[in-house]
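The chain contents come next:
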Amino acid sequence: MHNERLDEPLSDEELKLFVQYLHRFANHDVDISVRMEAGDPEHPVYVLFGRDYPPVGDASDYPRPFADRRRSASTDDINDGG
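Because the structure is a prediction, the values reported are computed rather than measured. (Residues numbered from 1 in each chain as written. Predicted model: local features only at pLDDT ≥ 70, side-chain atom pairs only at ≥ 80, totals over all residues. Heavy atoms only, no water.)

Within the protein chain one finds one helix and two strands. The buried share of the protein chain, taken over its 82 residues, is 10%. Considering only contacts within the protein chain whose residues lie at least 6 apart along the sequence, 34% involve residues at least 24 apart. Here the protein chain displays about 7,200 Å² of accessible surface, and carbon together with sulfur accounts for 54% of that area. (Helix = DSSP H or I, 4+ residues; strand = E, 2+ residues; numbered from the N terminus. Buried < 20%, exposed > 50% of the residue type's maximum accessible area, 1.4 Å probe, protein only. Contact = heavy atoms within 4.5 Å. Areas by Shrake-Rupley, 256 points an atom, 1.4 Å probe, with all protein chains shown as cover.)

Listed below in structure tokens is the structure:
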């Protein structure tokens, strides 16, 4: 996958879509765990999505994205992908 914009940060709308897709991925594609490498091959980020491990540290260290905006004027629910 090649994207000419890989050197740019996500826009606000792209970030919202990313989080929606992430929730859908977690709900439908993560059975027990998924491990992957992402980002720049020279400086990769290693990602683990898992259901079978307790979080490292306290669970409160893992805030839900956009939780502060959850019940704003929008009717979108970030947890159901829409």
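What follows picks up the thread again.
Let's shift gears to a nonpolar patch on the surface. Side chains of Leu-10, Leu-15 and Phe-18 sit close together on the surface and give an oily, nonpolar patch of about 280 Å² of accessible area. Looking at the secondary structure, you find Leu-10 in the segment before α1 (12–28). (Patch = residues over 30% accessible without salt bridge, like charges linked within 9 Å, V, L, I, M, F, W, Y side chains within 5 Å. Salt bridge = Lys/Arg side-chain N within 4 Å of Asp/Glu carboxyl O.)

What follows covers the pairing of strand β1 (residues 33–38). Sheet faces and side chains relate simply in a regular strand, where the side chains alternate between the two faces. By the bridge criterion, six bridges tie β1 to strand β2 (residues 45–50) in an arrangement that is antiparallel. Paired with Met-36 across the bridge in β2 is Val-47. Linkage of β1 to β2, two consecutive antiparallel strands, is achieved through a turn of six residues, within which Gly-39 is found at a positive phi near 85°. (Pairing = 2+ DSSP bridges.)

A few words now on the confidence of the model for the protein chain. On average, the protein chain scores 80 in pLDDT, and the residues at 70 or more come to 77%. Ranking the elements of the protein chain by mean pLDDT puts β2 last with 90 and α1 first with 93. (pLDDT = per-residue confidence, 0-100.)

Structurally, Leu-48 is set in strand β2. Residue Leu-48 is classed as partly exposed on the basis of its relative accessible area, which comes to 45%. Taking the C-alpha atoms as reference points, Leu-48 and Glu-37, separated by 11 residues in sequence, lie 8.9 Å from one another. Beyond its immediate stretch of four places on either side in the chain, Leu-48 contacts Ser-33, Val-34 and Arg-35.

Positionally, Arg-51 belongs in the segment after β2. By relative accessible area, which is 48% here, Arg-51 ends up partly exposed. Considered as a pair, Arg-51 and Asp-31 are 20 residues apart in the sequence and their alpha carbons are 7.4 Å apart. In this structure, Arg-51 is in contact with Ala-26, Asn-27, Val-30, Asp-31 and Ile-32, ignoring residues within four places of it in sequence.

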